[in-house]
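# Secondary and tertiary structure notes
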Amino acid sequence: MTTHVRPPAVAGSFYPHDPARLARDVDACLEAASVRTGEIPKAIIVPHAGYVYSGPVAATAYRALAPARHRIHRVVLLGPAHRVAVHGLALPGTTAFSTPLGAVPIDEALVARVSTLPQVVVHPRAHASEHALEVQLPFLQRVLEHFTLLPLVVGRATADEVADVLRAVWGGPETLIVISSDLSHYLPYAEAAATDRATVDLIRQGRATLSHDQACGATAVNGLLTALRGTGLEAEVVDLRNSGDTAGPDDQVVGYVAVLFGAGTNETKEDDESRLGRALVELARDAIAGAVGGRTAPATPRDERTDARLDAAGAVFVTLMEDGRLRGCIGSLEADRPLREDVVANAIAAALDDPRFAPLAASELPRVNIEVSLLTPPEPLAVNSESEALAALRPGIDGVVLAHGRQRATFLPQVWAQLPTPREFLAQLKRKAGLPGDFWAPDVEIARYGVRKWSEA
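Reference entry: report on the structure contained in this document. (Residues numbered from 1 in each chain as written. Predicted model: local features only at pLDDT ≥ 70, side-chain atom pairs only at ≥ 80, totals over all residues. Heavy atoms only, no water.)

## Things to note about the overall build of the protein chain
From N to C terminus, the protein chain includes 15 helices and 20 strands. In terms of overall dimensions, the protein chain is globule-like: its C-alpha atoms have a radius of gyration of 25 Å, near the 23 Å expected for 457 residues. Projected onto the principal axes, the alpha-carbon positions of the protein chain cover approximately 80 × 50 × 40 Å. A burial count over the protein chain gives 52% of its 457 residues as buried. Expressed as a percentage of contacts within the protein chain between residues at least 6 apart in sequence, the contacts between residues at least 24 apart total 78%. With an accessible surface of roughly 20,200 Å², the protein chain has 52% of that area assigned to carbon and sulfur atoms. (Helix = DSSP H or I, 4+ residues; strand = E, 2+ residues; numbered from the N terminus. Rg over C-alpha atoms; globule rule 2.2 N^0.38 Å. Buried < 20%, exposed > 50% of the residue type's maximum accessible area, 1.4 Å probe, protein only. Contact = heavy atoms within 4.5 Å. Areas by Shrake-Rupley, 256 points an atom, 1.4 Å probe, with all protein chains shown as cover.)

Here it is as structure tokens:
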């Protein structure tokens with residue numbers, strides 16, 4: 001494939017052209033932003049003016065992503081068309097976007113996915129001089145470790161059309177949605193502040209009725225609000241200012257807002273997740289100790305919330321490592337029994353019934369590290385060829401199930417550490433299923449799943 005990189009169009013005007021100065025300026029904005037302890041957002045709304053005007057406001061949203069530096073691998077970035085008329089949502093037709101901080105690769109798998117939608121077009125001119133998307137990239141480059149990008153310039157489209165695109169690429173915790181939009185333009189300070197407060201109230205309420213007088217990115221914002229319906233994600237406004245507050249005069253100002261969309265407080269959720277993980281690992285160790293030692297382990301006390309989650313149906317894999325080497329791994333792909341029963345059964349099976357290893361001896365147990373992976377329901381992939389399957393897989397993220405007739409095998413996401421490329425990963429998965437590494441047939445079935453994992457290490 002021919003490499004075609006979109007060069008920066010507004011470096012030196014909206015933000016510094018010099019890489020070192022740009023990095024310092026972005027880092028200074030992030031450092032000055034208030035620290036937030038809430039959940040890592042799934043989506044954000046951020047402004048797109050020159051950094052001297054809106055950079056401090058944008059930074060309040062981007063700083064909230066710092067704990068997900070290694071988790072977020074994909075960014076879906078939408079912003080309005082300022083210079084070229086667009087019908088629908090426009091892809092750039094490039095393989096990367098560059099800034100003074102380096103190149104960001106386009107996510108070809110997401111491009112292929114949205115290209116099937118009639119409202120999505122390829123329009124390089126719409127991107128060539130557009131600043132609304134470009135100014136977000138240096139912030140993302142400083143906050144995230146590595147990511148691929150799906151950039152879409154939004155023109156004439158309905159909120160439902162934008163929402164359909166977002167749903168198609170929604171993904172899991174590895175995917176971040178970024179909507180680039182300023183608020184009111186060129187009103188006197190007091191009028192702008194009142195107008196923007198009313199606009200923000202609509203966003204908080206999830207009302208997808210914004211006009212372009214209220215927000216230049218109203219179409220993208222309305223599409224996000226539409227896509228968010230039924231997700232349980234709530235808007236949290238973390239900054240609301242205008243250019244009169246940052247670096248401009250008061251007679252004609254532009255409004256800026258930073259909004260995060262998450263599901264609640266991170267502290268409570270992390271506590272719940274930690275308790276669940278600790279309970280699963282303890283259940284696994286108690287079960288193995290009882291099985292290899294010929295005794296029944298005493299029940300570990302649980303809190304009511306954790307007990308309820310353990311009583312719900314769940315599917316786990318239990319992995320045993322001894323002195324850094326695999327010692328057993330058995331699990332379930334379908335949640336067809338209570339989680340506590342599934343982890344106990346799979347822990348015992350990993351210790352005693354993995355055909356690759358001799359049964360675990362009681363003397364080995366002190367050297368064994370136990371990891372429990374809780375699976376999400378498998379999601380079938382609609383692929384018609386091996387090339388489509390390779391494009392759909394997300395390295396480091398997806399657990400994968402491959403089936404052909406009665407032959408079936410799975411790799412947990414952890415296996416990507418040993419098999420980092422989709423082609424190598426899929427070839428070894430086929431061999432695990434008893435198929436040649438280069439095998440493919442029209443009736444091959446592939447599904448992917450995610451995991452949350454906890455380990456004693």
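Let us keep going from here.
## Side note on the sheet that holds strand β1 (residues 5-6)
Ordered in space as β1-β5-β6, the three strands form an open sheet in which the pairing is mixed. The outermost strands of the open sheet, each flanked by one partner alone, are β1 and β6 (102-105). As defined by bridge partners, β1 adjoins strand β5 (residues 96-99) across two bridges and the pair is classed as parallel. By the bridge assignment for β5, Val5 is matched with Ala96. (Pairing = 2+ DSSP bridges.)

## Some remarks on the packing of helix α1 (residues 19-32) against helix α2 (residues 51-62)
Viewed as axis vectors pointing N to C, α1 and α2 meet at an angle of 60°, and their least axial separation amounts to 8 Å. The pairing of α1 with α2 is recorded here as oblique in orientation. Helix-helix and strand crossings are classified by hand; for α1 and α2 the assignment is right-handed. From α1, Leu22, Val26, Cys29 and Leu30 reach across to α2, where they touch Tyr51, Gly55, Pro56, Ala59 and Tyr62. Split by residue class, the contact of α1 with α2 holds eight nonpolar, one polar and no charged. (Axes fitted to C-alpha atoms, helices over the stretch in contact; angles between N-to-C directions. Parallel < 35°, antiparallel > 145°, perpendicular 65-115°, else oblique. Left-handed = near helix turned anticlockwise from the far one by under 90°. Nonpolar A, V, L, I, M, F, W, Y, C, P; charged D, E, K, R; others polar.)

## A short note on the sheet that holds strand β17 (residues 399-404)
Taken in spatial order, the four strands line up as β16-β19-β17-β18 in an open sheet, and their pairing is antiparallel. At either margin of the open sheet sits one strand with a lone partner, and together these are β16 (379-380) and β18 (407-411). One ladder, built from five bridges, connects β17 with strand β19 (residues 445-449); its direction is antiparallel. Looking at the pairing, Gly399 lines up with Tyr449 of β19. The sheet strands contacting helix α15 (residues 422-432) are β17, β18 and β19, and the helix crosses β18 at an angle near 135°.

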